[in-house]
Structures are given as C-alpha cells and as structure tokens.
Amino acid sequence: MKKIFLVLCIVLLARTESLLAQSKGNYRAKAFYQLAERDFQDLKFWYAVPFYKAALQQKSAVYDSICLLHLAESYWQMKYYDSAQFYFSRFESVIGPDYMSSRRLAEIQAIRQQPDKALSIYQNIEKCYPGLHTQLVQNRIKGFSQPELFLKNKDSYAISYLRDNSSEQDFSPVFFQKGVLFVSNRFGGPESEKEFGWDGLPYARIYEVPDLYQLRSADTMPARKERDQKINIIINDDYTPSTSNDNNIRLDYRNVQRAKPSAQHRPLGRFSDQFSSLYNYGPLCFNASGDKVYFTRNSLKSTTNKHHLEICEATLGKNGWGSVRVLPFVDKDFDYFHPAINKNNDRLYFSSNQPGGRGGADIYMYSLHPDSSKAIPLLLDDRINTEGDELFTTFSGDTLFFSSDGLPGLGGLDIYAATEKNGAISNPINIGAPANSNFDDFGLIWNDEKHYGFFSSSRLGSDDIFRLDLLRYPIKITGSVFDASTGKEMQGALVQLIQKSSTDDPNQQMITELYGAYRFPVKSRQRYTLIISKQGYYTDTLQVNGDTIVNDLQLPPVILRPLPPPPPPPPPPADSDGDGIPDSDDKCPDLKGDAANLGCPEIQKKLNELAKMVYFETDKDVLTPEAIKPLDEAAAILLSYPQTTLIIEGHTDNMAGKAYNLDLSLRRAKRVKSYLVSKGVAATRFTKVEGFGMAKPIADNATPEGRAMNRRVYIKAQFYE
C-alpha cells in the first residue's frame, strides 16, 4: 500500500512539474510573440525575426502557426528567400496550404528559376481558392506557363553592373542635369549608425553622380554578393543552406568592424542636405525645368509607432531646395510613395496602399493644375493595378514604366511599359529580359534618343543599379544565291528582308555581290521572311524562324531557277480591208470602215442628207424633178455597198385625214423603192417599206415650212455579216 501511495505521489509530482514547466513555456512564448508582433506590425522585420524564433524555441504550440507565418513573411520582406521558403514550408506542414504561404512559395520557386513548379503551385491555388484573387492568380499562371514570351528581346539589349553599387541596397536612379541621382542605404557617415527596422540597414539617402561619364560599369557581371561585415550570431535554428540571401544570422551593424572599401568603390556626395535628416528619402522625380522636385520620405510624425511614407514637393531657390510641403492628398494613416511626373508636367503618378485600391500598393494619377489642392487622386484601372503590388513609376517621354508582381511575368517584380496620352493609359507590356529576371526588377529610366537607361534589380542578392543598352542589330544573318542553270553564284539578285514580328524596324533589301552573297543585321528571336528575285528567274522565299536567331546565323543557299523562254508572239489578226479592225470583229471585212461602225463605212449620214431633198407633188406620190438627183446619188451609194439591207419609210403632214395620210405615205415610200430598183438596186435588199402618215412629225404642222419638213422619206441602210 505504501508502495502504491509512493508511486502515485511521484506521478503527481512529475505531472505538476510538467504543468508548471508548460505554463512557464507558454508565458515566455507569449511574451516573445507579443514583442515580435509589435515589431512586425510596425514593419520592423529585422527586429521581429529573433523574437519570433525565441517564441518558437519555447516549444509551445499556442503561437506556432502565427509565429511561423509572420517569421516567414519577415524573411520574405527582407528578401532572405531561403529562410522564407523554410518557414513557409514549416507553416504549411503544421497548418496546411494557405493562400498567402502558397503564393509566397510559388514566387520563391520562380526566383529559383523553376517556373514549372511556380505554375503548379498557382494552379493548385486556383483550384483550392476559386474566386479568390482571380486576376492575380490567372496573370501569374499565364506568365509562368509561357516564360519564353518574355525572352524575345533578350539578346537585343546588354546590361552592365555599375561599380558604384555598394554591398547594401542601391536603387531607383533618376536623370538629373548632366548626371544621375540614386537612392542608397549604404554606410556613409555618422547618421548611418541609425538602422532601419525593416532590414537593419541604415536609412536611405539620395546620392549624386554629377556627370554620366563618371559612371563606371563592370565588364563582367559579379557573382552574387556576400555582405562584407563581420557578424554576431544571435539565433540560428532554421538549418537552411547558407547562401548570399540567407539570414541564419542577424547582423549587428552598430558593433561590427567594416571591411575597408576596395579600390573600385569611391565616396559619393549626397544630393542635398534637405534630403539628409531623419528616416528614409527617395525615390524622387523632377519637373521639366528642374526647379521642382517630388520625393518620398518617412513622415516626421509617427502614427502608432509607424512613420508612414509621404510624398513631398520642394522648390529650388537661391539657397538650394526649400519650401518643402506635403502634397494635399497624403493621408497620415497610409503610405504614398514613388512619384513620377509626366512629359507635360501636368500629372503626377504615384503608388499608395490607401483604401479603395485593387489590393497591395496601387498606382494613382494626381492632376497638377494650379489649384491642385482640390484635386483627387484617381486610381488607374485594372489593366495596370492588380491585387499584387504596383510600384516604382517613372516616365520616359510618353511612356510610363512601373513594376508589378501581379501581372504576367518571370517572377518577383517585373518592369512594364504603357503609353500615356491625354491622361489615358494603354495596356501595359512586359519589357522582358534582360531587364526583367526572376528576381525583383524596378525603377527603369530610359533615354529614347541615345537608347540606353538604368534600372534596379535584386538579381545579385541585394538591390543594385544596372545599365541597359539597346543593341539595335546584335546579330547578322548571311547567305548566298545560286543560278540553277549554271550552278554558279548569282550576282545582282535582289534579296528583301521582311519583318514578320511586331516591331518598328524597317524592312531591308540588298543586291547580291560578286559571289552571290548577302547579309543583314537583325534582332534575335525575331521572325523574318527573305524574298529573293531576279528578272528572268522564278522568285523564291526563305522563312527564318525566330527561335534559331540567337547567334550569327548562316542560312542555307537559295537556288533560283530560270524562267522558260517566252513563246513567240502570235501572228497579227487578219484584216482584209486594212482598216485596222480584225476580220473577226469587222462586220464589213472587205470594206474599209470605222471602229464606231463595227468596221463598216459610214453611209447612213449621207443617205439622211439626200433623203431630205426628196420631194413629191402635192397630195400625190409623184416625185418632183428636184427629187431625181438626190435619189440617183443614193442609188449610186447603195450600188457601191451591196452588203446592206434597206428600209424605206414614208411620212406626211396633217393636211388630210389619218387614213388618207397613212395610205399616201406608204405609196410615196413604195415610189422611192421603185425608183431605186429602176436604178439597179436589187429588190431583195429591201426588207421593209412602211408608211407612218402623220404619226411621226419632226416639225410643227402649223406652218408651211413645218409641214414641208414633215413630208419626207427615210432611206435606212444596214450592213449584214
């Protein structure tokens, strides 16, 4: 009995100690969790990380899920992707897939250059969360399913790394006067001892390179960078492989001995003392005259321990930049950043997370009219804004550049271009590689006249500035033309290069040289059609597939076949009468005639003139002596053209009755026929002899003259074939 009692006491004591330990662990986990959440909500991810890890070390499951999710998100925001992947995966192993964790893991796969895995995760998101963030999910699926769409111009541009980059973050260049300004949180003075809670680095300042010619580019791209500080290990429990993005350690920048700068780094001056006070400054933009600047900074007043971002305006005066004012639309409870002014200096574009947007950070347009204090920023439509983030607006002429992680792309933030006209924005176009990569790419500025620019990218482990140059024709295609009849090279053939891709480049052409050779400078991954022609030869074509144009390309030979000799010209058509009208078309092939009369001579006009001079005695069908001569001439004409048939018509005035005149006109017509027959005109040639009486007058019967004109005959001749 005593043994049983002793065992029970031991068990109860052990259980009590376990409960006390568990209670103590829960208390510590809660304390660390609350400290971490305070920093996380204040966007101090650098400080939140060790507290989340300490909470997880207490082995209390109460806060594990939220700790894992927020710890992973902190790493994500600081761009330590290997640690972010580790903790997002741990979160999903405990809780199961979640929209946010799945999306982050998909983007990390894209960063790892695994678009197929990113696509698979997004397709699973679409299946598991139908109707949730549909636009963003479908855009990302579209991008990751066809990454080749963004590689078409990859070889048309060259990028180079600027040697003035530091080991910290350097980004958002902007042209200013003869040089360039950019934002950096490099260690650059006593105030750099103050660290920014987001990532533990110094606050961002604006640096200046006074002349573009002073910018130095590396001939080769450096390897992914390791920060050059000595470090203190605070907490290390994620066990992920060490990489340049890893954060198994926390750097205490205030207590480290920094490595000496190498010879390739040089000290750079600050832009202005106005932009060197508290907190972060930049990005910024200038108006066309360069006397007004719009810039981003942290608000000098905090809201619930947050110094929100605001956009300010400053004016250049005798004593430098002054008259600083916060723009009227800024709400102290939200963030406003990345301003860009358009070519006409009447609209300011910026990003904000204020309520009413599509989600994340969205781009707005603000009118800069004289009384702009009354203007309301307008949200750009959903062709531009998505449920992701739209950031880093810049302008080059009419082109608005911005970055987004919610549109189709290669991964992370990609740079897009859209055209602004009268406040209307065109559909955005992903500018593609090499400016865009599977990392964050943003802040592009571009010189249209000189075809170069600068942009920011995290592809080397931290934000750096790169130069981008357009190689208008980086590749050559060459070939030769041969004569099929001789087998020799063909000189003098015309070769035309026709664009098949959507491009503004003109078509090209050239004449083959002595050895039948031709060459064209072209862009990579573009589709072309070659048209080869020469007089006396069949024309040939050659299709050039864009996928094959990566390096200089030798095309297969083109062999032109000669055309067969033309057949001899046909003999001229027979023209018996020599009037220029072929017998096949000539109604009178034996008589010279006119084309208007189908090859027959024109005799009707003469017959009409003669018929007008044929008169009869009054009220009789007897020819007057004056009628004999014109009838004789008419008979002579008709005898000269026996190929004609004849019609005789008789007409009268209205001096008698209708029946009488009808009979009289018929008798007169018959009288003319009889006379013509008596002169040798065959009676068989007369096809019709008619009398019309007074039915068809050609003049007024009210006068003697008119009645005389109505008493007439017509002799109509028609040639037959």
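The following refers to the structure shown. (Residues numbered from 1 in each chain as written. Predicted model: local features only at pLDDT ≥ 70, side-chain atom pairs only at ≥ 80, totals over all residues. Heavy atoms only, no water.)

On to the overall build of the chain, then. Tallying secondary structure elements over the chain gives eleven helices and 32 strands in all. Taken across its 721 residues, the chain has 47% of its residues classed as buried. When the accessible surface of the chain is split by element, carbon and sulfur atoms take 54% of a total near 36300 Å². (Helix = DSSP H or I, 4+ residues; strand = E, 2+ residues; numbered from the N terminus. Buried < 20%, exposed > 50% of the residue type's maximum accessible area, 1.4 Å probe, protein only. Areas by Shrake-Rupley, 256 points an atom, 1.4 Å probe, with all protein chains shown as cover.)

Turning our eyes to something else, we now look at the nonpolar core. The biggest cluster of nonpolar side chains holds 30 residues, and the ones touching the most others in it are Tyr52, Tyr75 and Phe88. For this core, the secondary-structure elements that each account for two or more residues are α1 (2–41), α2 (45–57), α3 (64–77), α4 (81–95) and α5 (99–111). For Tyr52, the residues in contact, after removing those within four places along its chain, are Tyr33, Ala36, Glu37, Phe40, Cys67, His70, Leu71 and Ser74. Counting residues in each nonpolar core, the second largest holds 27 residues, with Cys588, Phe616, Ile637 and Leu638 among its members. (Core = buried A, V, L, I, M, F, W, Y, C linked by side-chain atoms within 4.5 Å. Contact = heavy atoms within 4.5 Å.)

What follows deals with the sheet that holds strand β20 (residues 452–457). Taken in spatial order, the four strands line up as β1-β21-β20-β19 in an open sheet, and their pairing is antiparallel. Looking at the sheet topology across the chains shown, the edges are occupied by β1 (157–161) and β19 (441–447). With direction set aside, neighbouring strand axes in the sheet form an average angle of 25°. Bridge count between β1 and strand β21 (residues 464–470): five bridges; the pairing is antiparallel. Its bridge partner lying in β21, Ile159 is registered against Leu468. (Pairing = 2+ DSSP bridges. Axes fitted to C-alpha atoms, helices over the stretch in contact; angles between N-to-C directions.)

Those residues of helix α8 (residues 604–611) that fall on the buried side of the exposure criterion are Gln604, Leu607, Leu610 and Ala611. Down the axis of α8, the buried side of the element spans an arc of 120°, and every buried residue falls inside it. Each element contacted by the buried residues of α8 is listed here: α9 (628–640) and β32 (712–719). (Arc of directions from axis to C-beta.)

Whether parallel or antiparallel, the strands of a sheet pair through hydrogen bonds between backbone atoms. Strand order in the open sheet formed by four strands is β2-β3-β4-β5, with antiparallel pairing between adjacent strands. The open sheet is flanked by β2 (170–176) and β5 (269–270), the only strands paired with a single partner. The pairing of strand β4 (residues 205–209) with β5 spans two bridges and is antiparallel. The residue of β5 that forms the bridge with Glu208 is Gly269.

Right, let's talk about α9 for a bit. Its 13 residues place the ends of α9 18 Å apart at the C-alpha level, agreeing with the 18 Å of an ideal helix rising 1.5 Å per residue. Along α9, the residues that are buried comprise Pro630, Leu631, Ala634, Ala635, Ile637 and Leu638. Around the axis of α9, the buried residues are gathered within 160° of arc, so they sit on the same side. Taken together, the buried residues of α9 touch α8, β30 (644–651), α10 (658–678) and β32. (Expected span 1.5 Å × (residues − 1).)

Moving on, we get to the side chain of Ser404. By secondary structure assignment, the location of Ser404 is in strand β15 (residues 399–404). Judged by its relative accessible area of 0%, Ser404 falls in the buried class. Only 3.0 Å separates the side chain of Ser404 from the backbone nitrogen of Gly406, close enough to count as a polar contact. From its side chain, Ser404 meets the backbone nitrogen of Leu407 in a polar contact 3.5 Å long. Among all residues touching Ser404, those that are not within four sequence positions of it are Thr386, Asp389, Glu390, Gly412, Leu413, Asp414 and Tyr416. (Polar contact = N/O pair within 3.5 Å; in protein donor to acceptor, adjacent residues only side chain to side chain.)

What follows deals with the side chain of His70. In this structure, His70 sits in helix α3. Ignoring any residue separated from it by four or fewer positions in sequence, one finds His70 in contact with Glu37, Phe40, Gln41 and Tyr52.

A few words on the packing of helix α6 (residues 115–128) against helix α7 (residues 134–145). Across the interface, α6 lies against α7 with an axial gap of 9 Å and an inter-helix angle of 155°. As far as their axial angle goes, α7 and α6 are roughly antiparallel. Once α6 is placed against α7, the crossing between them reads as left-handed. Facing Pro115, Ala118, Leu119, Tyr122, Gln123, Ile125 and Glu126 of α6, the residues of α7 in contact are Leu136, Val137, Gln138, Arg140, Ile141, Phe144 and Ser145. Partitioned by chemical class, the residues of the contact of α6 with α7 number nine nonpolar, three polar and two charged. (Parallel < 35°, antiparallel > 145°, perpendicular 65-115°, else oblique. Left-handed = near helix turned anticlockwise from the far one by under 90°. Nonpolar A, V, L, I, M, F, W, Y, C, P; charged D, E, K, R; others polar.)

For side chains of opposite charge, pairing can occur when their charged atoms come near one another. Enumeration according to the criterion identifies 24 salt bridges in this entry. The partner of Arg667 in a salt bridge is Asp621, with the nearest N and O atoms 3.7 Å apart. Separated by 46 residues along the polypeptide, Arg667 in helix α10 and Asp621 in the loop between α8 and α9 bring together distant segments of the chain. Residue Arg671 is joined to Asp621 by a salt bridge in which the shortest nitrogen-to-oxygen separation is 3.8 Å. (Salt bridge = Lys/Arg side-chain N within 4 Å of Asp/Glu carboxyl O.)

Strand β3 (residues 179–184) sits mainly inside the fold: six of its six residues count as buried. Neither face of β3 is exposed, since Gly179, Leu181 and Val183 on one face and Val180, Phe182 and Ser184 on the opposite face are all buried. Pairing between β2 and β3: five bridges, direction antiparallel. Looking across to β3, one finds that Asp170 is bridged to Ser184. Summarising the sheet, β3 and β4 pair through five bridges and their orientation is antiparallel. Within β4, the position partnered with Phe182 by the bridge is Tyr207.

Backbone torsion omega between Gly282 and Pro283 reads 0°, so that peptide bond is classified as cis. In this structure, Pro434 follows Ala433 across a cis peptide bond, with omega equal to 5°. Within the secondary structure, Pro434 is located in the loop between β18 (429–430) and β19. Unlike most non-glycine residues, Asn345 shows phi in positive territory, near 60°. With respect to the element layout, Asn345 can be found in the loop between β10 (336–341) and β11 (347–352). Here Asn345 falls in the partly exposed class, since its relative accessible area comes to 23%. The phi dihedral of Phe392 falls on the positive side, at around 55°, and the residue is not glycine.

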